[in-house]
Amino acid sequence: MKVIEQIKQPILEEMELFESKFKDSMATKVPLLNRITQYIVRRKGKQMRPMFVFLVAKMVSGGRFEERTYRGASVIELIHTATLVHDDVVDESNKRRGFFSVNALWKNKIAVLVGDFLLSKGLLLSIDNNDFDILKLISVAVREMSEGELLQIEKARRLDITEAVYFEIIRQKTATLIAACCGIGAASVGSSEEEIQKMRLFGERIGIAFQIKDDLFDYTDAKIGKPTGIDIKEQKMTLPLIYVLNNCTKEERGWLIKSVKKFHNDKKRVKEIIAFVKEKGGIEYATEKMKEYQSKALELLVSYPDSPYKDSLMTMVNYVIERKI
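Notes on the structure follow. Note that the structure is a prediction, hence the values are computed from the model and not measured. (Residues numbered from 1 in each chain as written. Predicted model: local features only at pLDDT ≥ 70, side-chain atom pairs only at ≥ 80, totals over all residues. Heavy atoms only, no water.)

In this section: the packing of helix α4 (residues 48-61) against helix α15 (residues 308-322). Direction vectors running N to C along α4 and α15 enclose 145°, while the axes themselves pass 8 Å from each other. When you trace α4 past α15, the crossing you get is left-handed. Every residue of α15 that contacts α4 at Met48, Met51, Phe52, Leu55, Val56, Lys58 and Met59 is listed here: Tyr309, Lys310, Ser312, Leu313, Met316, Tyr319 and Val320. When the residues that make up the contact of α4 with α15 are grouped by side-chain class, the tally is 11 nonpolar, 1 polar and 2 charged. (Axes fitted to C-alpha atoms, helices over the stretch in contact; angles between N-to-C directions. Helix = DSSP H or I, 4+ residues; strand = E, 2+ residues; numbered from the N terminus. Left-handed = near helix turned anticlockwise from the far one by under 90°. Contact = heavy atoms within 4.5 Å. Nonpolar A, V, L, I, M, F, W, Y, C, P; charged D, E, K, R; others polar.)

Now for the packing of aromatic side chains. What the rule picks out here adds up to 9 aromatic pairs. With centroids separated by 5.3 Å and ring planes inclined at 65°, the aromatic side chains of Phe54 and Tyr70 adopt a geometry described as edge-to-face. Pair noted here: Phe54 is in helix α4 and Tyr70 is in helix α5 (residues 67-90), with a separation of 16 residues, a long-range link. There is no split in this pair, since Phe54 and Tyr70 are both buried. Linked through ring pairs, Phe18, Phe22, Phe54, Phe65 and Tyr70 together constitute an aromatic cluster. The lysine or arginine in question, Lys21, covers the ring of Tyr70, its NZ or CZ lying 5.1 Å from the ring centre. Lys296 extends its terminal NZ or CZ atom over the ring of Tyr293, reaching a point 4.9 Å from the ring centre. (Phe/Tyr/Trp six-rings, centres within 6.5 Å; stacked < 30°, edge-to-face > 60°. Buried < 20%, exposed > 50% of the residue type's maximum accessible area, 1.4 Å probe, protein only. Lys NZ or Arg CZ within 6 Å of the ring centre and 35° of its normal.)

Here the focus is the environment of Ile169. Within the element layout of this structure, Ile169 appears in helix α8 (residues 163-188). Overall, the relative accessible area of 3% leaves Ile169 in the buried class. Measuring from C-alpha to C-alpha, the distance between Ile169 and Ile208 comes to 9.8 Å, with 39 residues separating the pair along the chain.

A few words on the nonpolar core. Core analysis: the biggest nonpolar cluster contains 98 residues, and Phe52, Leu118, Ile138, Met199, Phe202, Ile212 and Leu241 have the highest contact counts within it. A total of 13 residues in this core trace back to one element, the largest contributor, which is α8. Those residues in contact with Leu241, other than ones at most four positions away along the chain, are Tyr219, Lys236, Leu256, Val260, Ile273 and Val277. (Core = buried A, V, L, I, M, F, W, Y, C linked by side-chain atoms within 4.5 Å.)

Below, the discussion takes up the pattern of salt bridges. As enumerated under the stated definition, the model contains 17 salt bridges in all. In this structure, the salt-bridge partner of Lys280 is Glu252, at a minimum N-O distance of 3.3 Å. Of this pair, Lys280 sits in the loop between α13 (267-279) and α14 (282-299) while Glu252 sits in helix α12 (residues 250-262), and the two are 28 residues apart along the sequence. Take Glu252: its relative accessible area is 22%, and that puts it in the partly exposed class. The structure contains a network of salt bridges with shared partners spanning Arg143, Glu144, Glu147, Glu168, Arg171 and Glu204. (Salt bridge = Lys/Arg side-chain N within 4 Å of Asp/Glu carboxyl O.)

Here it is as structure tokens:
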């Protein structure tokens, strides 16, 4: 059994019902919009975010879940899908999960409007049902994702990113949405504010580990759907690179900055950068940090009684850092 199927096992019924509820949440009277949203739904990914919502809800409540849990999962998936559609426009990307992106098929203007539509649908789903606690959790995530993206763009221009700034960027850009999933899972079954924040922190730590793993893929030769060195070509400052920049000689630092700034499209130079980062211990350092966040996430589950939901969440944490794609 594949790991994802194994993780889904305790919430299989909920996930199946969620899929139909999610489709319903996107329904509209505009035929063009319906065609596009159906195209998006057919090309769904692993759906890890709704899985976090259901597993956390059931773990903290001893197996219970509410109609609110479905709405929380739908809100997360609507917002996440909106950000992916907008990201493809910003990145001028024509592919998403191996298929044509919305902007490639229907052009940028329509893609932006579809993203806006999904975003408003997510917010209204909470407002119409008075789920204001869920709305607050997701709104914080949307704000932080935008701030993180802009902070990364600003820092990429100067390549002056410190490790502290890097962690703040990935906390906002990637981890905040997974934190919202886990917080919403807990909130949907009436958990205390303390428990909601504990689960938010759990999601944040997994999200940071997830992003570091993504950074490490840039230095592997594995066939992962993301070419080696793509972050360097896009002048993204990842943890292995930041560590080496802060732990090499002045001359080496000068060469590295110049290489990333001026030769990021030179295949030979990108290979040299990758080899240099590996040689200087950047991969080992990033791996160590990733495992630190993995351990910190697992620590937050210790106080909960054993259950299939807790087991699945622990498997999920381990999958995040052991995955091959």
